[in-house]
Each structure stands twice: as structure tokens, then as C-alpha cells.
Amino acid sequence: TKPNLKQMHSQALARVSPDLVEMTLREMTSRAQQLTRGANAAGVRVHTLPARPRDVDDDGEFRYAILAPSAASEAGKPSAEARRFLEETTGPDRPRVYRNAVLLVTPSKDGLELLRGRVRDYLAWQEVDGMPEAKSFDENRKALLSGYVKASRDKVPEAVGQAYNIVVTVSSKGEMEAFRVTTGGEPLFETVKKDKRSRIQESAISPEALLPEGPYNLWRTGETSRRASDLVRAFAQFPHLPKMLRQKDIVDTLALGCEQGNFVLRVPRPDKTYRTLWRTRPTETDLKERDLEVVLPEAAELSE
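Residues numbered from 1 in each chain as written. Predicted model: local features only at pLDDT ≥ 70, side-chain atom pairs only at ≥ 80, totals over all residues. Heavy atoms only, no water.

Asker: Mind laying out the environment of Q247, listing which residues take part and the relevant values?
Answerer: For Q247, the position within the fold is in helix 8 (residues 247-260). Judged by relative accessible area, which is 15%, Q247 ranks as buried. Taking the C-alpha atoms as reference, Q247 lies 23 Å from T224; in sequence the two are 23 residues apart. (Helix = DSSP H or I, 4+ residues; strand = E, 2+ residues; numbered from the N terminus. Buried < 20%, exposed > 50% of the residue type's maximum accessible area, 1.4 Å probe, protein only.)

See the structure below:
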């Protein structure tokens, strides 16, 4: 009698080891381009299945991380592992400074179970395909088996995309939150970016917005100057501010504000005098000066 492929598959399912399922699941998740497509093009630092929090740098640059299946979370309930990635760098004694620049995506627990089932199904069909008796199948049965293997393999990436639907980040109040997004035909990063709860701002900021009367509350009362690097990194540090995908956009806003006369840029010299820039376009070298300051025009004294 001809072998019953479905029965062989059912028996193979019982033999698939949980360890092999987890290893294959991680491998296929790491190769799932729909989870990260578009993020690199947007200038975002991407981390796929980082092993520990220190793998996601705490430098003020926007970080988009796809966490391992072990970090599975639920809406309103971020896992302990996801919490560590958002709160720590090398350990509990080294808290993350730039939490507002980190956005994590984890699988949901129900989505992860579906994904495990799809992986297990594929591995079982692979086992059937590798059995000695499969070599003696007639051409029709070989074609049928090949179709089952391919169909089960093709279902895994779709299940990966469906499973990774929990976003973990800090709210505007500085509290950790986990929310579910509805995944569809577009890349996951695009879906996450468009969700208002992610608080991502991709458009440029106007120079006026960086002034004391602007909407971001970046200056203390009576303050007339600030280090440029502090203004740039404020968006990565303080949760009441929107998440900026690129620090360069803020630096470009400083350059434009100087050119338009919204504020003065100055660089301290060793002799305690200043080199000032106003109504002129600063160079890349100027903007990279470590001690570059942003000064309100009414408080600035021009040296040139």
C-alpha cells in the first residue's frame, strides 16, 4: 500500500524536539526581513535578536530592536526581559540614560505559540522528506510531499510577521508601556512608526521650536545658553519629547537656526574668548565641536 503522508507527518510531529523548534524559530526570525525592512533606509540603528541590553548602545541614537522569542510580552504587560533592555545597559546598577531613543518589538505570547506550531509543522514535513522510504516514492507522491514541505516552510515567515506585534517603549510620562499593533501588508517598522503611541517624529523640527518659547520646554527659566550636544540628545533622554529617528535632523535644525538668526552658535577658545557664528551657515567641523554652545541672540556678544 502507498504510504499515508499525513499519517507519517503526524508521527514525525511527535518526534520534533522542542530545542530544534526554538533554534529554527530564532534562525527564521533573524532572517525575517519584514521585521526590519525600511528601518535602515530611514537612518535607524537596527538590532535583530540582541543577546543582552549592552548590545543595544546607549548613545542617544535611535535604536530599533527586535527582541528574541524569550522576551514575548502582552499588551500592557512587558516581559521582564523587555524591561531590562529598556531600563539597563550592562546591569541594574547602570541604568539606560537615553530610554526615549529605544523602541523594542517582541512577539505576543499567543502569536509565539502559533509561530512555534508553524515551525514544528515544517520540521515534521522536513523529517518525512528525509526518510529512507521517501526515496522510493513514485513521482506523483514525491511531488505531493515536496508541495507539503514548501507550503509549510512558506507559512513560517508569515507567522513571524503576525507574532511580532507588541511594541515596548516609554510613554510621554516616562512610564514603560507595551501595546499591540495590527500587522498587515506593509513592513513592521512602517506600521510601528505610524502608530501615535510610538511618538516618532520623522519630519524636521523648525528652529523656533528649539527656543525657550517653543513647545519642547528645553530651557530653564533665566537660561540664555545651552550646550548644543545637550539640546541634540534631549530628545533621546526626556520622554516628554518626541522620538527623533535621526540626531542629524536636530543638528541640521541648529545649523538652520544659526543661519536664519534664531540663535548664535559659539565655540570657546583656550584663552576663554569665543568664536561666534550668526546669520551664516556653520560648517560640519563647527557642528562637531564638542563644546559648541547655543546662545539666545539677546544674550550673545558677537566676536565677528
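Asker: Which residues make up the sheet that holds strand 9 (residues 225-227), and what values go with them?
Answerer: Taken in spatial order, the four strands make up an open sheet running 9-13-11-12, and their pairing is antiparallel. In this open sheet, the two strands that pair with only one neighbour each are strand 9 and strand 12 (274-277). The sheet shows a mean angle of 30° between the axes of neighbouring strands, taken without regard to direction. Against the sheet, helix 7 (residues 228-237) makes contact with strand 9 and strand 13 (293-295), and its axis sits at roughly 70° relative to strand 9, the strand it touches most. (Pairing = 2+ DSSP bridges. Axes fitted to C-alpha atoms, helices over the stretch in contact; angles between N-to-C directions. Contact = heavy atoms within 4.5 Å.)

Asker: If you had to explain the packing of aromatic side chains to someone new, which residues and values would you point to?
Answerer: The full count for this structure, using the stated rule, is three aromatic pairs. Ring centres of Y64 and F189 lie 5.0 Å apart, and the angle between their planes is 70°; this geometry places the pair in the edge-to-face category. Of this pair, Y64 sits in strand 2 (residues 63-66) while F189 sits in helix 6 (residues 188-194), and the two are 125 residues apart along the sequence. Note on Y64: relative accessible area 0%, which makes it buried. Overall, the relative accessible area of 1% leaves F189 in the buried class. Ring plane angle 80° and centroid distance 5.3 Å describe the contact between Y216 and F235, whose orientation is recorded as edge-to-face. Note that Y216 is positioned in the loop between strand 8 (200-201) and strand 9 and F235 in helix 7, a separation of 19 residues in sequence. Comparing Y216 with F235, the two get one shared label, buried. It is R266 that lies over the ring of Y274; its NZ or CZ is 4.2 Å from the centre. (Phe/Tyr/Trp six-rings, centres within 6.5 Å; stacked < 30°, edge-to-face > 60°. Lys NZ or Arg CZ within 6 Å of the ring centre and 35° of its normal.)

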